[in-house]
Amino acid sequence: MTGVSGLVAKVVDSYQRDKDMLIQILLDLQSGFGWLPKQVLDEVSKHLGVPITRVYQIATFYKAFSLAPKGKHLIRVCMGTACQVRGSALIRDRMEQLLGIKVGEITSDMKFSLETVNCLGCCAMGPMAEIDGIAHGPLTISKVEEILKKYE
Amino acid sequence: MPRLNSPTELEKLREEIKARRPPRPCISISSGTCGRARGSEAVITAFEEEIKKRGLKEEIDIKVTGCLGFCEKEPIILVHPDEICYLNAKPEDAAEIIQGIKDKKVVSRLLYTDPVTGEKIEHESEIPFYKRQLRIVLSLNKWIDPRNIEDYIIQGGYSALSKALFEMSSEQVLEEVKEANLRGRGGGGFPAGRKWKETKNAPGEPKYVIVNCDEGDPGAYMDRSLMEGNPHSVLEGLIIGAYAIGAHEGFIYVRQEYPLACENLNWAIKQAEEYGFLGENILGSGFNFRVKVHRGAGAFVSGESSALMSAVEGKAGEPRFKYIHTAVSGVKGRPSNLNNVETWATVPLIINKGADWFRSIGTEGSKGTKIFSLVGKVNNTGLVEVPMGMTLRQVIYDIGGGILKGKKFKAVQTGGPSGGVIPEQYLDTPVDFDELTKLGSMMGSGGMVVMDEDTCMVDVARYFVNFLCEESCGKCIPCREGLRLLRVILNDVCQGKGKEGDIEVIEEVAEVMAAASLCALGTTAANPVLSTLRYFRDEYEAHIKEKRCPAKFCKDLTSFYIQPEKCQACLICLRNCPAGAINGDKGLVHWIAQEKCSKCGICFEVCPPRFSAVVKLSGEPIPEPPPPGTKVIRKKEG
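Residues numbered from 1 in each chain as written. Chains lettered and ligands numbered in written order. Predicted model: local features only at pLDDT ≥ 70, side-chain atom pairs only at ≥ 80, totals over all residues. Heavy atoms only, no water.

**Q** A description of the layout of surface pockets should follow, citing residues and the corresponding values.
**A** Residues and elements named next belong to chain B. Size it by volume and the second largest pocket reaches roughly 1100 Å³. Around the second largest pocket, the lining is made up of 41 residues, and of these Gly186, Gly188, Gly303, Glu304 and Ser305 lie nearest the centre. Within the residue set of the lining of the second largest pocket, elements represented by two or more residues are α9 (192–201), β10 (336–340) and α21 (520–523). Tallying contributions element by element places β10 first for the lining of the second largest pocket, with four residues. In terms of residue class, the lining of the second largest pocket is made up of 13 nonpolar, 19 polar and nine charged. (1 Å grid on protein atoms, 1.4 Å probe; cavity = no way out; pocket = protein on both sides within 12 Å on 5 of 7 lines; lining within 4 Å. Points joined across faces, edges and corners; volume = space filled by probe spheres on them. Helix = DSSP H or I, 4+ residues; strand = E, 2+ residues; numbered from the N terminus. Nonpolar A, V, L, I, M, F, W, Y, C, P; charged D, E, K, R; others polar.)

This is the structure in structure tokens:
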């Protein structure tokens, strides 16, 4: 697949092959691919001239990167303190119950990824969750099912 | 736009913009992240269409601004010049508001209604939420479209930079900031002037200046709001700082969770370069300065200064020992000065108005204002900027409008995961760097999370420990292992598996972590636990000895129960129960089969408030269900 190699080269070039920009390069690739396949990491290492171990160190240290593919819809339940005191743990539990997965997992039909996030800064809407970048809030436990149905 | 090459050209441009903009009504619509989450984009479209439809393009302007702070009531519409303030605007309100402007009438149904007096309030500045604030850093947000540099310029933007570059030496700028006693707004409260001086005097070139917008504290978002709503104020502060320190290169580190902040910042940098506020020979002064944006990739610990500097180098954001300050050896081993967004945004104000003015606001040791994100169980959620020294009670009750749903206040959490909780008896404490530290908490970056009687303090401690456990980089043992041990104990306590002696172990571990951790994340990590223990030890003891959660929050210690005498057999809980644990029928009292109950809390939530039949029980036996076929006792309506 020269396609991947070409794409990676393009992103690396857009940062003038500056090794300091490794995190920025991976962020662009993560948002382009939705995750970071092994081949992408290998290509980054090759094009940027940094050891593969360092690429992996960065890709595993920071939470924004994912080494596994994600579901079609990404649900991020906010677990910021403001949402927490307004009952976000119950919202998370309800999501887990309805989707039949735990946080960090993907439904077997690859439809939903469930994640928690530390704070999205929409504290007035707490408890809230973001689905595919769209904020939903304030949530109640009984509303969760209805919202998920929209994404079926 | 050609580059500006002198202060005169800047002033000329300012006059030109003023002349170009005829005085006519302007509708500003707030559309920061929280505004957008509440549908501001649809509102903007509706206004644009309405104005187009009526052919009013030459009569009424629209301005899309960043966050106006009253997040609870977003999207907010301000009609200038009278500052009529409409809250929770919807697309369908556009026609009425525009008609109101034409007729010079106010649409009273969209105004703020005082919950106590029932009085309608027209002007933003008279709404209690705003009235008690002192907005200086946030003051321009309502006037500025963050993507239009001219909006900033017309408000006097970049005049501080021009003053610094042409009327002051770099030493004078530094002295002014030192005189003002500006303390870092990111949490530490270290005097910015001293840090600047150390960087300036440190040997080695080049020197760097850095903006920390890696606002990781859960429950705090003032930096996001500033960066989204008024990015030029941050840039202007940074360039002034660079001039004072002698740096020609800067970095701005922004969380990738804040996409709008990144967008608006990049926009601002591009415009600032075009106008000659960034780049070579700024405003013709001979001073050069460039800035690069780095997005953070999601690591709380990267907000620590030495860790952030590693991240800027493209490395894992782990902290290092700081016996040599980052001011001496920071990015690439060069002298580097880092301040957070709010600190940088305060600098232009100090240069323009002088250190004496700044020192006239605030308390003895803490000068100026501070922005707090007032969130949690409080009526008016939002960003509040107040002079240092205002009491917690004033912030929570006068500005925040008191506790949600009339519940009882229990504590306020400040300082995020490094801070602690402050109980009711200290509500009259003035808020500043030193006073909050005395209470075992800290001001931190400005998160203020209000908690009520339904909040379990042990769970709060567990929450922060869990958070930090995931965010600890693992480099030093006291932080890594200490947090893990605390997590195990606190999970046990919350699950009713706590045992005698747990509290003592917690205290011992906390002591070691505070003494031996490498960075501030570890040394302060036990604060939320210690402060909850200090003020709410009885709650810990209830969990451990009586297996009871006084706030009835901890799932494992709480059960749901339907009071037979109150149940009206409305079937709502029965239909909504996902576990099929509720039994009953039309006319028959409902009851919960405890062994099936998953404790999701839906029945408690959906039971109509006029019945309030579902209750939580903790630490007491659950009464036997009513005999089969028990009929409801009808409640007399009215």
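Here the narrative resumes, following the displayed structure.
**Q** Account for the interface of chain A and chain B, with residues named and values stated.
**A** Often the size quoted for an interface is simply the accessible area lost on bringing the parts together. On the chain B side, the residues contacting the 41 residues of chain A number 60 residues. A buried area of about 4000 Å², summed over both sides, lies between chain A and chain B, and 56% of it is on carbon and sulfur atoms. The largest share of the area that chain A buries against chain B comes from Phe61, Thr81 and Val85 of chain A, three residues that together contribute 15% of it. With its nearest N and O atoms 2.7 Å apart, the salt bridge here joins Asp28 of chain A to Arg295 of chain B. The tally of links between chain A and chain B comes to 27 residue pairs in polar contact (both at pLDDT 80 or more). Listing elements by their share of the side of chain A that touches chain B, those giving two or more residues are α2 (22–33), α4 (52–61), α5 (81–85) and α6 (88–99) of chain A. Take the side of chain A that touches chain B: its biggest share by element is five residues, from α2 of chain A. Per-class residue counts for the side of chain A that touches chain B are 22 nonpolar, ten polar and nine charged. (Contact = heavy atoms within 4.5 Å. Buried area = accessible area lost by both parts, 1.4 Å probe. Salt bridge = Lys/Arg side-chain N within 4 Å of Asp/Glu carboxyl O. Polar contact = N/O pair within 3.5 Å; in protein donor to acceptor, adjacent residues only side chain to side chain.)

**Q** Tell me what's going on with the sheet that holds strand β2 (residues 61–65) of chain B, and back it up with residues and numbers.
**A** Residues and elements named next belong to chain B. Judged by pairing direction, the sheet is mixed, and its four strands sit side by side in the order β2-β1-β3-β4 without closing on themselves. Since the sheet does not close on itself, it has two edges, and those belong to β2 and β4 (84–86), each with one partner. Strand after strand, the sheet turns through a mean of 20 degrees between neighbouring axes, direction not considered. The pairing of strand β1 (residues 26–30) with strand β3 (residues 77–80) spans four bridges and is classified as antiparallel. By the bridge assignment, Ser28 is partnered in β3 with Leu78. Each of β1, β2 and β3 is contacted by helix α3 (residues 40–53), which is oriented at about 160 degrees to β1, the strand it contacts most. Along the sheet, helix α4 (residues 94–103) contacts β1, β3 and β4; its crossing angle with β3, the most-contacted strand, is approximately 20 degrees. (Pairing = 2+ DSSP bridges. Axes fitted to C-alpha atoms, helices over the stretch in contact; angles between N-to-C directions.)

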